[in-house]
2 protein chains.
Amino acid sequence: MSHKYVYLFSEGNGDMKALLGGKGANLAEMTNLNLPVPQGFTVTTEACTKYYDDGEDISEDIQREIMEYIDKLEQMTNKKFGDAENPLLVSVRSGARASMPGMMDTILNLGLNDTVVESMAQKSGNPRWAYDCYRRFIQMYSDVVTEVGKSYFEELIDEMKHKNNVSEDTELTADNLKELAQQFKDEYKSKIGEDFPVDPKVQLMGAIRAVFRSWNNPRAISYRRMYDIPGDWGTAVNVQEMVFGNLGDTSGTGVAFTRNPATGEKKLFGEYLLNAQGEDVVAGIRTPIDIEQLRTVMPQVYDEFVKICDTLEKHYRDMQDMEFTIEDSKLFMLQTRNGKRTAAAALKIACDLVDEGAISDKEAVAMIDAKSLDALLHPQFDPDALQAAIPIGNGLAASPGAATGRAVFTADTAKKWADNGEQVILVRLETSPEDIEGMAAAKGILTARGGMTSHAAVVARGMGTCCVAGCSAIKMDEKNKQFELGGKTYSEGDWISLDGSTGNIYGETLPTIDAVIGGEFGRIMDWADKYRKMGIRTNADTPHDASVAKGFGAEGIGLTRTEHMFFDAGRIAAIREMICSDTTEQREKALAKIEPMQQADFEGIYEAMEGLPVTIRYLDPPLHEFLPTEEHDIEALATAHGKTLNEIKAIITSLHEFNPMMGHRGCRLAITYPEIAAMQTRAIIKAAINVQKAHPEWENFVPELMIPLIGEVKEFVFLKNIVVETADKLISDAGSNLKYMVGTMIEIPRACITADDIAMEAEFFSFGTNDLTQMAYGFSRDDAGKFLDDYYEKQIFESDPFARIDQVGVGKLMEMAVNLGRQGRTNLKLGICGEHGGDPSSVEFCYRIGLDYVSCSPFRVPIARLAAAQAAISESDEKVIHG
Amino acid sequence: MSHKYVYLFSEGNGDMKALLGGKGANLAEMTNLNLPVPQGFTVTTEACTKYYDDGEDISEDIQREIMEYIDKLEQMTNKKFGDAENPLLVSVRSGARASMPGMMDTILNLGLNDTVVESMAQKSGNPRWAYDCYRRFIQMYSDVVTEVGKSYFEELIDEMKHKNNVSEDTELTADNLKELAQQFKDEYKSKIGEDFPVDPKVQLMGAIRAVFRSWNNPRAISYRRMYDIPGDWGTAVNVQEMVFGNLGDTSGTGVAFTRNPATGEKKLFGEYLLNAQGEDVVAGIRTPIDIEQLRTVMPQVYDEFVKICDTLEKHYRDMQDMEFTIEDSKLFMLQTRNGKRTAAAALKIACDLVDEGAISDKEAVAMIDAKSLDALLHPQFDPDALQAAIPIGNGLAASPGAATGRAVFTADTAKKWADNGEQVILVRLETSPEDIEGMAAAKGILTARGGMTSHAAVVARGMGTCCVAGCSAIKMDEKNKQFELGGKTYSEGDWISLDGSTGNIYGETLPTIDAVIGGEFGRIMDWADKYRKMGIRTNADTPHDASVAKGFGAEGIGLTRTEHMFFDAGRIAAIREMICSDTTEQREKALAKIEPMQQADFEGIYEAMEGLPVTIRYLDPPLHEFLPTEEHDIEALATAHGKTLNEIKAIITSLHEFNPMMGHRGCRLAITYPEIAAMQTRAIIKAAINVQKAHPEWENFVPELMIPLIGEVKEFVFLKNIVVETADKLISDAGSNLKYMVGTMIEIPRACITADDIAMEAEFFSFGTNDLTQMAYGFSRDDAGKFLDDYYEKQIFESDPFARIDQVGVGKLMEMAVNLGRQGRTNLKLGICGEHGGDPSSVEFCYRIGLDYVSCSPFRVPIARLAAAQAAISESDEKVIHG
């Protein structure tokens, strides 16, 4: 038997997401549950990957198979493709394994042509409906299949409305729509050079090809990158008998969630439009109606829908996001899926489901998107400031959080300004999928149009970005990059603030305060800790950061960067004196000034961590980073050090590097100037002796001394000798019994390759995956920005290797280091302190290769806790399945 | 039985170099051959490594063992340590596994003290001799053991000569010398704070300790780095009964070679001094006498010596370098070793030995130091220019070759200037081991004092550096950095030229011509090719370089860098136009101008290689390298391109990179601008089609297209698709049957790790070990200069990883790439085109890991041929030994 590329809905089930895509699998599952689903079939994701393997071509075998299923569908529906008397019309919709809302393309009403529409108009007695369907079909087909673009069609509609003196699409008559359909076809012909296809089979194959192609459109690629979806998954295509929400006022279409996706409240939440089709509700062109009103308008339909919602939620054991259409008072389900939700809603829903007895606490932990917690962990507006502030307007509280930034009016500007380090708020009439990158770059999103399920709202919640949607009081002037609200005009660059939890908009900056973990968040974290097996530490350079992280559950510090303390105004002078020294003696004199300050810093950090392990890294950046660049600062430096301007300039020039990333930094500094390592050791150890004396109860207090940028074991041995000699003398002079460890960052490829040798000397490894990624790929993060966009566009990279560990390359180096390292020292302690430590997929990877802990920024600690728990759960589940 | 750390000479043999050092093993071997060798014992290299393992301490066990051997030596010699009546005096000399002439320390006449010397003076009736020995001993001991330094002692000698109105050391009387010995002891006490040791056993242990310590003195470390000698080998110490060359005019000391070390001529070659001791001959303080004169002065001794020379050369089957002492007309051998020689001498000696039936051609190939050939491959003075030039003076032709450079007067200056890219000639009164780095940095060495076996001459020959020694006409003024010769004064920075083959010195620059391979060189190369199994290619960017390399035996081109052609004045304008383009169309227009020029270049290179394979690399450097930096050039560029100055400056700014080494370069350029790759493919393929048409007889002509800086297989696939599509169309349009290959550089760590994936797509790999070394270590070559000296000094690095492949780290990545690569494609072609391709030890490594060829600069091709042959011979020898 040849390979099967097409499945009837009745042939599939909900577990077949990889093959049928999410939408196809759930349509099959709903069919199996005997819910009212218009029938159809799914062309598999394998057909899509074959399409690409065959050089973007649908093989004849697959085309034949599709046509066989059209035959089956004709038999099931008793309708016929292209038959004027009883035409089969279908929708063609994409559906990938992972939900990618709005990212790919949809075509409705396929099967129409001049003959069929005319007959349909007459037989239905509803010519307006027939021609509305027809013009929509031509418009969508032209846009999606032949990429003619849609703006000209919209202009034609506007002209038609203008000519007939009406303002709404719904006011256009059947004749108007018929005329529009003709204009659309003419436009198609003039652009494409051939007639609009009349054969439904030709239309169908064109539409399926277009959906396959849409898998690789730029916004789909960009979305996949954002959500870590592999490019080789492909999309399935669902071909489904049409049902019509635009038959008149007993018809309609809508979307709904079984629970509130913003708050998690257990209450049906949704919107619908009467006499509408397809994307009208989501597109935000007309303002949709609250689902509650359906109870009054069509009570029977409403009751049936509520029952279905209940069935689906129980069945899937999760909150559902559904699409439905009412055709002449009859309800049809077009889609169900686990609903996207805010982080707060996710926590509440998970806890509620546990309390309802629907799921276990382990399942609750597993179901939360760890990345989404980010939204809860970032600052909120200071309530006092909030109370004093007067909103300039109010919209829908579409996605919670607090955002302050400068107004920008295009996605491009948002991205550019954000790339330059600006905080921006993206202000739009309404957003569209093309805006996706600008939305990701913005601190907050404000729209004038659209409801709680509008594109802006859905996407912002998914991203954890604050969003206020549908503020109809805004007078937008996108062209001149300004808007009016509350009687004032705001231009590009003006500061505004958004409160995504209340929908309030402020014409000013507002101060923020830190988040705390409590309530449902706390419950989920407690459950996570129950299942988690890997330690979570934090990267913190100050007592304040250390405290915040400890509050978030950090079990130690994985990285304290000592150099951040050097930039302090009170210290930079001593640092510069050290750099400008001509002799070791001068350098030691300058270092002696810094030592007590460093010691005090470390004491503060140890105190904040209350006896938990603290890893301190020795000086890392190249020395030129500490020198002034402005002429007058250079002059001041010269005066302070009794040197001539030229002498100071000569020092600055001598420290210039061609490739600072690959220059005189890390352990290389201390190899040239061992007195720096000696000073830092004294500060670390003296602080530890003091703190241990003050807190004898902190029995396991062991500072971990970390040497950066080791590439060769002899570098490590050279510095370890200095460290150990200095430390042991201080400890013995103080009559202390302090224990400490000496280890290294693993961030140079050669260190991974020679990790067995290094581990014989180092007591712990901490992966510095930022540098390791740079060195393994041979590009620096600062410079790669120039070409990485080309890499995404050309699908050479699917995700940012600085955000998510490149498991194939960098990850293989890490595994090598872990395996060799444990050969060199069986009880080697292994951690990671690169930024990847807070990325869930990277945390899972770290768990899989056997690290003892991950360390991340304080605000990412809860994310890492959850991700580590999920990694352990997923592993134990796999063991249950496979062993 | 406890471990044995000491061997009598009679207990060892010539194969025990690793344990006894070269000197010790050969003293043992000579003892076994019944040659006249003063007896003694060797403290092993293992004792030295144990000394370092024990924290620079000689264990009591070893001290006891040494004392046991002193007892044995006392019995053998019938003398006693410290016995005034019949004192045993010894020399203590270092001797490592590899010969390191002058690098470590020697102490003579150990065992003397006030009592012994007085008795010796009386009993011998030669008090001058006794006190000469004594003052020498105190001087050497103070310098070597306690590092008091020798300059003050020399001042004391000068004062004594002045006071007594004499000019030569030999004119000082016994009383003068006795007084000096006392002054030396006083000086010792004032510096060290205790009396000069009188107990010979204390003296001995101090001396042995000093020799061990000398293994790690800076000049020894530097020498080891230059000659790839591992730091963990350690040195042995030879303790030998003294014989005295300073007993009077029937005594003397000398050094000799069995053949001429400069030319290879089969004729005894050497020098001696009567009434002298130890280093007097080598140090160049008195001018030594040609060994031929010994035939007249002491015919019996001469005959005996000639016989011994013959025995030793036959025994060792190689030219010998010997030290001898004549004590009261009796000959003693103090050392023999395979003599250092110039490359030309090495070739002649090897060929002569084959012709004499002493060795096989295979042994001849194995015995040449491949690195040394470099000296023969570099340009010589143009004979016409040489004939026209008038020498300003003449010295000894101490080391052949031609050198033109600017005069400098200290080793430090030589190094500094050379680091800045200057060609320098080091001009010195005489050189000393401290000068080693400056000598290595200089193009040529000129000394006013010293003979053919002086330090300058020996070291320069070893390095293959041109040297003219002992030009006594020079009036040196080192303090004012100038010298007078031929009536003119030459100051620091003045240009001079040296002819190391004639000894002529010129006060000007002289033009040079290329070397050719012929005579003995050609014979050795032919033999090498007979045993060689690995291919040798060259890196050549021009038809001229390609021809030179082919003349040297290159079997193809491993790397043609296309960008060097871009800098040509006629092309840079078009390149800049390309870089300043705003659109793809503009860029293509500019590229179209470059295409015919590139095509012509490639045709020339193909023609020069006459059908051998040619590997062409696509554009590699970041684009900003092609833009002007001077204001007026920028203005000119703006005018030429009809842009404003600010627009051009903005382009330059936008191309600025933080770490250009890790920036937008290599394949990344062509991914952003595929039109560059398309243009280069057209030029490569069109040139190849033309050349193939013109030369149908070149049947195996296959251009190899090489994409640089691949880190991820998808980069390669993206560009390969463009290359193949472009190439195939041109070939089919031309009706040609041209074959070509598409492969990649392997120079990014990630490429090594994912080599299996890459090899499924790439037909060949060429290791770019320069970049691979940079990325694997995480330091750039341009910046590492700042700290690598610290690394050598602190013994973290023993050799320059950019000169010699780091086999432990970078080499492991290469092995990984080879193994994974062959998994991905069994017939994958593997080569190397980094600069390491011309380094013998790296060539051997490449052979060992299974590369098909190495590619190096044209002048290194013969070196690579020889090194590859030696690698194959050494492997087959190992197979014979190990089965």
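See the structure above.
Report on the accompanying structure. Position numbers for residues start from 1 in each chain and track the written sequence from start to end. Chain labels run from A onward and ligand labels from 1 onward, assigned in the order the entries are written. Local features in this predicted model are restricted to residues whose pLDDT is 70 or higher, and side-chain atom pairs enter the listing and the counts only when it is 80 or higher, whereas totals over whole chains, interfaces and linings include all residues. For side-chain calculations, the full set of non-hydrogen atoms in the structure is used, while hydrogens and water are omitted.

## Some words on the overall build of chain A
Inference 1: In DSSP terms, a helix is any run of H or I states spanning at least four residues, a strand is any run of E spanning at least two, and both are numbered starting from the N terminus. When helices and strands are counted, chain A shows 35 helices and 31 strands.
Inference 2: This radius of gyration counts C-alpha atoms alone. The globule rule is 2.2 Å times how many residues there are, raised to the power 0.38. For chain A, the C-alpha radius of gyration of 31 Å lies close to 29 Å, the compact-globule estimate for 883 residues.
Inference 3: Buried, partly exposed and exposed residues are distinguished by accessible area as a fraction of the type maximum, computed with a 1.4 Å probe on protein chains only: under 20%, between the cut-offs, and over 50%, respectively. Taken over 883 residues, chain A has a buried fraction of 59%.
Inference 4: Across chain A, every contact between residues at least 6 apart in sequence was considered, and the portion connecting residues at least 24 apart equals 69%.
Inference 5: Per-residue accessibility takes into account occlusion by the displayed protein chains alone, with areas from the Shrake-Rupley method and a 1.4 Å probe. As presented, chain A carries roughly 34000 Å² of accessible surface, and 48% of it is formed by carbon and sulfur atoms.
Inference 6: Within this scheme the basic residues Lys and Arg register as positive and the acidic residues Asp and Glu register as negative, but His and the chain ends are omitted. Here the site of a charge means atom NZ of a Lys, CZ of an Arg, CG of an Asp or CD of a Glu. Treating the 90 positive side-chain charges of chain A as one cloud and the 135 negative ones as another, the clouds have centres 2 Å apart. The contact criterion used throughout is that any non-hydrogen atoms of two residues lie within 4.5 Å.

## Brief notes about the sheet that holds strand β20 (residues 488–491) of chain B
Residue and element names in this part refer to chain B.
Inference 1: The strand order across the open sheet formed by 3 strands is β18-β19-β20, and the pairing between neighbours is antiparallel. The open sheet has two free edges, formed respectively by β18 (475–477) and β20, since each of these has just one partner strand. Looking at each pair of strands side by side, their axes are set apart by 20 degrees on average, direction ignored.
Inference 2: Only strands that DSSP links by at least two bridges are regarded as paired with each other. Pairing analysis gives 3 bridges linking β18 to strand β19 (residues 482–485), with the strands arranged antiparallel. Its bridge partner being in β19, K475 is matched across the sheet by E484. Axis lines are fitted to C-alpha atoms, over the contacting stretch for helices. Their N-to-C directions set the angle, which ranges from 0 to 180 degrees.

## Digging into the sheet that holds strand β31 (residues 853–856) of chain B
Residues and elements named next belong to chain B.
Inference 1: Sheet architecture is closed into a barrel: 8 strands sit in the order β24-β25-β26-β27-β28-β29-β30-β31, paired in parallel fashion. Geometrically, the sheet is characterised by an average inter-axis angle of 25 degrees between neighbouring strands, direction not taken into account.
Inference 2: In this sheet, strand β27 (residues 704–707) lies alongside strand β26 (residues 614–617) in parallel orientation, the contact comprising 3 bridges. In the strand pairing of β27, R617 is matched with M706.
Inference 3: Of the strands in this sheet, β28 (741–746), β29 (764–767) and β30 (829–832) touch helix α33 (residues 810–824), which is tilted by about 180 degrees from β29.

## With respect to the pattern of salt bridges
Inference 1: Just to be clear on terms, a salt bridge is a Lys or Arg side-chain nitrogen sitting within 4 Å of an Asp or Glu carboxyl oxygen. Tallied over the entire structure, the rule returns 126 salt bridges over all chains.
Inference 2: The closest approach of N and O atoms between R617 of chain A and D620 of chain A, which form a salt bridge, is 3.9 Å.
Inference 3: Taking relative accessible area as the criterion, R617 of chain A reaches 7% and is therefore assigned buried.
Inference 4: Judged by its relative accessible area of 7%, D620 of chain A is buried.
Inference 5: Here R822 of chain B ties to D852 of chain B by a salt bridge, and the two come within 3.5 Å at their closest N and O atoms. Here the residue R822 of chain B occupies a position in helix α33, and D852 of chain B occupies one in the loop between α34 (840–848) and β31, the gap between them amounting to 30 residues.
Inference 6: Among the residues examined, D852 of chain B registers a relative accessible area of 35% and is labelled partly exposed.
Inference 7: Taken together, the salt bridges that share partners define one network made up of E563, R617, D620, R665 and D771 of chain A.

## A few points about the pairing of strand β10 (residues 330–338) of chain B
All names here are of chain B.
Inference 1: Note: strand β9 (residues 320–327) against β10, 8 bridges, orientation antiparallel. Paired with E323 across the two strands is Q335, which belongs to β10.
Inference 2: The hairpin turn running from β9 into β10, its antiparallel successor, is 2 residues long, and D328 in that turn takes a positive phi close to 50 degrees.

## Details of the relation of the copies chain A and chain B
Inference 1: Least-squares superposition aligns the copies on the C-alpha atoms of those residues with pLDDT at or above 70 in both. For these two chains of identical sequence, chain A goes onto chain B by a turn of 180 degrees and a shift of 0.0 Å along the axis, with RMSD 0.1 Å. With respect to symmetry, the two chain copies, as superposed, fit the operation of a two-fold axis. No C-alpha of chain A lies nearer the rotation axis than that of N659 of chain A, which sits 2.2 Å from it.
Inference 2: With an isologous cut-off of 70% or more, the 100% of interface residues of chain A that recur at the interface of chain B puts this contact in the isologous class.

## Re helix α7 (residues 174–192) of chain A
Residue and element names in this part refer to chain A.
Inference 1: For a helix, the expected span equals 1.5 Å multiplied by the number of residues minus one. Over its 19 residues, α7 extends 27 Å from the first C-alpha to the last, a length consistent with the 27 Å expected when each residue adds 1.5 Å.
Inference 2: Three or more residues of α7 are buried, namely A174, N176, L177, L180, A181, F184, K185, E187 and Y188.
Inference 3: Positioned one or two residues after α7, G193 has a phi angle of 85 degrees, which is positive.

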